[in-house]
Amino acid sequence: MSKKVVVIGGGIAGIQASLDLADMGYEVHLVERSPSIGGRMAQLDKTFPTNDCSLCILSPKMIMCAGHENVKLHVYSEVVGISGEFPKLKVTIKEKARFVNISKCTGCGDCVAKCPVKVPNEFEEKLSKRRAIYLPFPQAVPRKVTIDAEHCTMIKSGKCGICKKVCQAGAIEYDQKDSTVVLDASAVVVATGFDLADVTVLSQYGLGICKDVVTSLQLERILSASGPTGGHLVRASDGKEPRKLGFVQCVGSRDEKMYKYCSSVCCMYATKESILVREHVPDINSTIFYMDMRATGKGFQEFVQRAEKNYGVRYIRSRPAKVQPANDGSGVLVTYETRGLAGEQVTEEFDMLVLCPALVPSSGAPDLAKLLRIELDDDRFLRTPSLRHPVDSSMKGILICGFAGAPMDIPDSVAQASGVAARVAELLEGGA
Ligand SMILES: Cc1cc2nc3c(=O)[nH]c(=O)nc-3n(C[C@H](O)[C@H](O)[C@H](O)COP(=O)(O)OP(=O)(O)OC[C@H]3O[C@@H](n4cnc5c(N)ncnc54)[C@H](O)[C@@H]3O)c2cc1C
Ligand code: SF4
Ligand code: SF4
């Protein structure tokens, strides 16, 4: 019988680790808390430094993972208990009721079209609404709908039942209950990724105050052809295309009062986004306000130079002090200090402003760490104390990869995920 490995988190890191482990012959149980695997990469339009389509790279891996004979997906699920020691761990997984029988659901979407309840769409960073019964995004894996019990009026108060009436497959089951699975696992891989910090608390940057201030992840969704505006770059205040776009980096990052570390990917994705917007609005001009340009990866410096030379991106080394709505409510006024001998305070108008918020360990990561009996580092990422074995946590047999351990981009997350798989094999087959 093959040894079991539990992978927690179905983003690109968890998917890659699962595929490598499954190819080695381990029985992989991939636990993802949302209804689909894919993680943040599924929300991105294109990826630096090649500007390849994000889902074109991710989708085949998601499908391969779900179809692999050695991978069992536990979506809409969380690890709620663990006991024992390496290599004899007992892992308890809670599979949340999705009120849809996924072996019957064909993903046709008839129920979604008829559901009367609309709620903010998390996948679209709340720029649009979804229904109480929903497919998180068109390329979701598994391609099965879920009923959000918090908002479904049938589950809350017994009123509605429309989706059950329209579903030809008989897949709706309002009486479904949460269930648990207990596994004897040899090792656990944690790949729980990141969230964006809530930077509405930094009111000087205007998020939630100025209509035309968005986050970088919201811009990814706006640029996506399947996103809330169908890929049209428009601002919220009046639906017009912006001609002058600003980016502010390190919003909450490298800030002693918020998150003192560098979020690592923002210099590059802001550069990427400032190039991509040109494909949408050819005469747009972008300005990036930065603290230091950290273009340390292969081809990254050249990418920044290309943005400057070929796309006219203006880089200004300054941290804006204030962002306010422009006089007629559309656009934003950005106050910043110019550098150099003539350093002075300037207020400049932009049509739209994009904030690059600090990227923080995903919500629930500290609780999960406690449950798994592993340590956090000073920045609350999962600690990897060994320089010799950089994917080992503080507990033998529990390993870390991707953004859960430290801010990192997609290529590094993938490389680390493959490293984790090799390390699991080394531990389980009698290595150090
Ligand atoms: C705006 C923006 C643009 C970016 N652009 C690029 C780019 O162009 N190129 C690039 O290389 N990188 C880019 N990045 C960085 C990239 O998103 C990350 O490197 C990558 O997503 C890390 O993958 P991950 O699998 O570690 O984490 P994630 O993608 O965050 O995946 C983690 C998964 O774990 C799940 N999860 C969390 N907690 C639990 C739990 N307790 N139980 C079960 N599941 C859980 C989550 O639901 C999620 O599916 C960008 C980031 C941002 C914010
Ligand atoms: S629940 Fe039924 S109607 Fe809804 S997507 Fe699935 S098969 Fe279609
Ligand atoms: S029963 Fe719930 S999910 Fe189904 S259509 Fe009504 S509100 Fe929507």
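Residues numbered from 1 in each chain as written. Chains lettered and ligands numbered in written order. Predicted model: local features only at pLDDT ≥ 70, side-chain atom pairs only at ≥ 80, totals over all residues. Heavy atoms only, no water.

Undergrad: How would you summarise the overall build of the protein if you had to cite specific residues and measurements?
TA: Scanning the protein for helices and strands turns up 10 helices and 24 strands. Looking at the protein residue by residue over its 432 residues, the buried ones come to 52%. Once local pairs closer than 6 in sequence are excluded, the contacts in the protein between residues at least 24 apart make up 66%. About 19200 Å² of surface is accessible on the protein, with carbon and sulfur atoms providing 51% of the total. (Helix = DSSP H or I, 4+ residues; strand = E, 2+ residues; numbered from the N terminus. Buried < 20%, exposed > 50% of the residue type's maximum accessible area, 1.4 Å probe, protein only. Contact = heavy atoms within 4.5 Å. Areas by Shrake-Rupley, 256 points an atom, 1.4 Å probe, with all protein chains shown as cover.)

Undergrad: Lay out the site of ligand 1 in plain terms, naming residues and giving numbers.
TA: Taken together, 33 residues are adjacent to ligand 1, and Glu-32, Phe-48, Lys-272, Met-408 and Ile-410 come closest. A distance of 3.0 Å separates an oxygen atom of ligand 1 from a polar backbone atom of Ala-13. A distance of 2.9 Å separates an oxygen atom of ligand 1 from a polar atom in the backbone of Arg-40. Relative to its unbound accessible surface of 1000 Å², ligand 1 loses 96% to contact with the protein. Elements supplying a minimum of two residues to the shell around ligand 1: helix 1 (12-23), strand 2 (27-32), strand 3 (46-47), helix 6 (216-223), helix 7 (266-280) and helix 10 (410-428). (Near = heavy atom within 4 Å. Polar contact = N/O pair within 3.5 Å; in protein donor to acceptor, adjacent residues only side chain to side chain.)

Undergrad: Please give an account of the state of the cysteines that cites residues and values.
TA: Counted according to the given criterion, the structure contains 1 disulfide. Two residues share a disulfide in this structure: Cys-53 and Cys-56, whose sulfurs sit 2.4 Å from each other. One disulfide, between Cys-53 and Cys-56, carries an S-S torsion of 85° and so falls in the right-handed class. (Disulfide = S-S within 2.5 Å.)

Undergrad: Now, about the site of ligand 3: what can you tell me, with residues and values included?
TA: Cys-115, Pro-116, Val-117, Ile-133, Cys-152, Thr-153, Met-154, Cys-160, Gly-161, Ile-162, Cys-163 and Tyr-174 make up every residue found near ligand 3. Judged by the proximity of its atoms to the pocket grid, ligand 3 belongs to the largest cavity. Here the shell around ligand 3 is composed, by residue class, of 10 nonpolar, 2 polar and no charged. (1 Å grid on protein atoms, 1.4 Å probe; cavity = no way out; pocket = protein on both sides within 12 Å on 5 of 7 lines; lining within 4 Å. Sits in = over half its atoms within 2 Å of the grid points. Nonpolar A, V, L, I, M, F, W, Y, C, P; charged D, E, K, R; others polar.)

Undergrad: Can you explain the side chain of Glu-220? Please cite residues and give values.
TA: Locating Glu-220 in the fold gives a position in helix 6. For Glu-220, the side chain forms a polar contact with the main-chain nitrogen of Asp-45, separated by 2.8 Å. With residues up to four places along the chain from it excluded, the contact list for Glu-220 reads Gln-43, Leu-44, Asp-45, Lys-46, Lys-272 and Glu-273.

Undergrad: Residues and numbers for empty space enclosed by the protein, please.
TA: In this approach, a probe sized like a water molecule rolls over the atoms, and the result shows the empty space that is left. Tallying each qualifying case throughout the model produces 2 cavities of 30 Å³ or more. Here the largest cavity defines a volume of roughly 100 Å³. Taken together, 14 residues form the lining of the largest cavity, with Cys-115, Ala-132, Cys-152, Cys-160 and Cys-163 sitting closest to its centre. Considering only residue class, the lining of the largest cavity consists of 12 nonpolar, 2 polar and no charged. Size it by volume and the second largest cavity reaches roughly 80 Å³. Those elements that provide at least two residues to the lining of the second largest cavity are strand 16 (244-251) and helix 7. (Points joined across faces, edges and corners; volume = space filled by probe spheres on them.)

Undergrad: Outline the packing of helix 7 against helix 8 (residues 300-311), supporting the account with residue identities and numerical values.
TA: One way to put it is that helix 7 packs onto helix 8 with a least axis distance of 10 Å and a crossing angle of 35°. Between helix 7 and helix 8 lies a crossing whose hand is left-handed. Residue-level contacts link Met-268, Thr-271, Lys-272, Ile-275 and Arg-278 of helix 7 to Phe-300, Phe-303, Val-304, Ala-307, Asn-310 and Tyr-311 of helix 8. (Axes fitted to C-alpha atoms, helices over the stretch in contact; angles between N-to-C directions. Left-handed = near helix turned anticlockwise from the far one by under 90°.)

Undergrad: I'd love a proper account of the nonpolar core, names of residues and values included.
TA: Formed by 55 residues in total, the largest nonpolar core has its most connected members in Val-213, Leu-233, Val-332, Val-334, Leu-353 and Leu-355. In terms of residue count, the dominant contributor to this core is helix 7 (7 residues). Those residues in contact with Val-334 that lie beyond four places of it in its chain are Phe-289, Pro-320, Lys-322, Val-323, Val-346, Thr-347, Glu-348, Phe-350 and Leu-353. Ranked by size, the runner-up nonpolar core spans 40 residues in total, among them Ala-17, Leu-21, Ala-140 and Val-391. (Core = buried A, V, L, I, M, F, W, Y, C linked by side-chain atoms within 4.5 Å.)

Undergrad: Describe the sheet that holds strand 12 (residues 179-185), listing the residues and the values that go with them.
TA: The antiparallel open sheet is built from 3 strands, whose spatial order is 6-7-12. Both outer strands of the open sheet, strand 6 (77-85) and strand 12, are each paired with one neighbouring strand and no more. Recorded for the sheet is a direction-independent mean angle of 20° between the axes of neighbouring strands. Both strand 6 and strand 7 (residues 88-95) contribute to a ladder of 8 bridges, which runs antiparallel. Bridge assignment links Glu-78 to a residue of strand 7, and that residue is Lys-94. (Pairing = 2+ DSSP bridges.)

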